[in-house]
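Structural features, examined
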Amino acid sequence: MSTFDELIENAKGLPESLWPTEWTVPLLLIHSASLGEAHQPFYTKVDTNFEPEQSLLAFISAAPPDVFAFTKRSPETPFQDRIFVGRSRTNDVILSARGVSKLHCYFRSSNDSWVLADAGSKNGTFLSGERQDARKEIALEGSADIRIGPIRTIFLTPPALLSLLRRVT
């Protein structure tokens, strides 16, 4: 895992024409500080005026988030088309926080796009403030504000990341 600041510095060191070859997989942005404060969620109410672009800029401005690239896989993961998230060490993204289930949710690659599904977690997986039904896959586009139990994350497809990098570099 690296930080978003490191990602920005990497982008500044490359010509913009090379960015699409450098970042080809989705990213999950996570504030690692939130892992120690899981009893105080970042995002608890439904925001009926949810605006992904404003929310994304506020998220990265609050503190440099950590970056998890979807190329890093746990060797114990049986399904190669999925990225598993939860407390257990067998997950691809490990969130060691109260309120996160051992296997909380997963992301799956589907026809050049990605879907998200809650894996039957106790505290739920929320997309743009709305709790998702267990085991029901929902398509993700561009950037998505996702709360995994008490942990707020941002999912970025490569085009959304490139758009963001153009705005912040």
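Note that this is a predicted model, so its numbers are computed, not measured.

**A word on the overall build of the chain**
Of regular secondary structure, the chain possesses five helices and twelve strands. Expressed as a percentage of its 169 residues, the buried residues of the chain come to 47%. For the chain, contacts bridging at least 24 residues in sequence account for 55% of all contacts bridging at least 6.

**Some details on helix α1 (residues 4-12)**
Within α1, burial applies to Phe4, Leu7, Ile8 and Ala11. Summarising the axial view, the buried residues of α1 lie within an arc of 100 degrees, below the 170-degree limit, and thus occupy one face. Exposed residues on α1 whose side chains face more than 90 degrees from its buried face are Glu9 and Lys12.

**With respect to the sheet that holds strand β2 (residues 27-30)**
Taken in spatial order, the seven strands of this open sheet run β1-β3-β2-β12-β11-β8-β9, and their pairing is antiparallel. At either end of the open sheet lies a strand with only one pairing partner, and these are β1 (2-3) and β9 (130-131). Against the sheet, helix α5 (residues 158-168) engages β2, β11 (143-148) and β12 (151-156), with an angle of about 95 degrees to β12.

**Looking at the packing of α1 against α5**
For any two helices packed against each other, the geometry is given by the interaxial angle and the distance between the axes. Contact geometry for α1 and α5: axes closest at 11 Å, N-to-C directions at 80 degrees. In terms of orientation, α1 lies roughly perpendicular with respect to α5. Counted together, Phe4, Leu7, Ile8 and Ala11 of α1 and Leu161, Leu164, Leu165 and Val168 of α5 form the full contact between these two elements.

**Focus: the confidence of the model for the chain**
For the chain, per-residue confidence averages 81 on the pLDDT scale, and 81% of positions sit at 70 or higher. Within the chain, the element-level pLDDT minimum falls on helix α3 (residues 33-36), averaging 58, and the maximum on strand β8 (residues 125-127), averaging 96.

**Describing the side chain of Asp145**
Relative to the elements of secondary structure, Asp145 occurs in strand β11. A polar atom in the side chain of Asp145 sits 2.5 Å from the side chain of Arg152.

**Looking at the pairing of β2**
Because side chains alternate across β2, one face comprises the buried residues Leu27 and Leu29, and the other comprises Leu28 and Ile30, equally buried. Here β2 runs beside strand β3 (residues 66-69); their pairing, made up of four bridges, is antiparallel. The residue of β3 that forms the bridge with Leu27 is Ala69. As paired elements, β2 and β12 share four bridges and run antiparallel to each other. The partner of Leu27 across the bridge, within β12, is Leu156.

**Comments concerning the side chain of His104**
By secondary structure assignment, the location of His104 is in the loop between β5 (93-94) and β6 (105-110). By relative accessible area, which is 0% here, His104 ends up buried. Here the side chain of His104 touches Ser101 through a polar contact of 3.0 Å, landing on its backbone nitrogen. Non-local contacts of His104, meaning those with residues more than four positions away in its chain, are made with Val85, Gly86, Gly99, Asp118, Ala119, Gly120, Ser121, Gly124, Thr125, Ile148 and Gly149.

Here is what the cut-offs are and how they apply
- Residues numbered from 1 in each chain as written.
- Predicted model: local features only at pLDDT ≥ 70, side-chain atom pairs only at ≥ 80, totals over all residues.
- Heavy atoms only, no water.
- Helix = DSSP H or I, 4+ residues; strand = E, 2+ residues; numbered from the N terminus.
- Buried < 20%, exposed > 50% of the residue type's maximum accessible area, 1.4 Å probe, protein only.
- Contact = heavy atoms within 4.5 Å.
- Arc of directions from axis to C-beta.
- Pairing = 2+ DSSP bridges.
- Axes fitted to C-alpha atoms, helices over the stretch in contact; angles between N-to-C directions.
- Parallel < 35°, antiparallel > 145°, perpendicular 65-115°, else oblique.
- pLDDT = per-residue confidence, 0-100.
- Polar contact = N/O pair within 3.5 Å; in protein donor to acceptor, adjacent residues only side chain to side chain.

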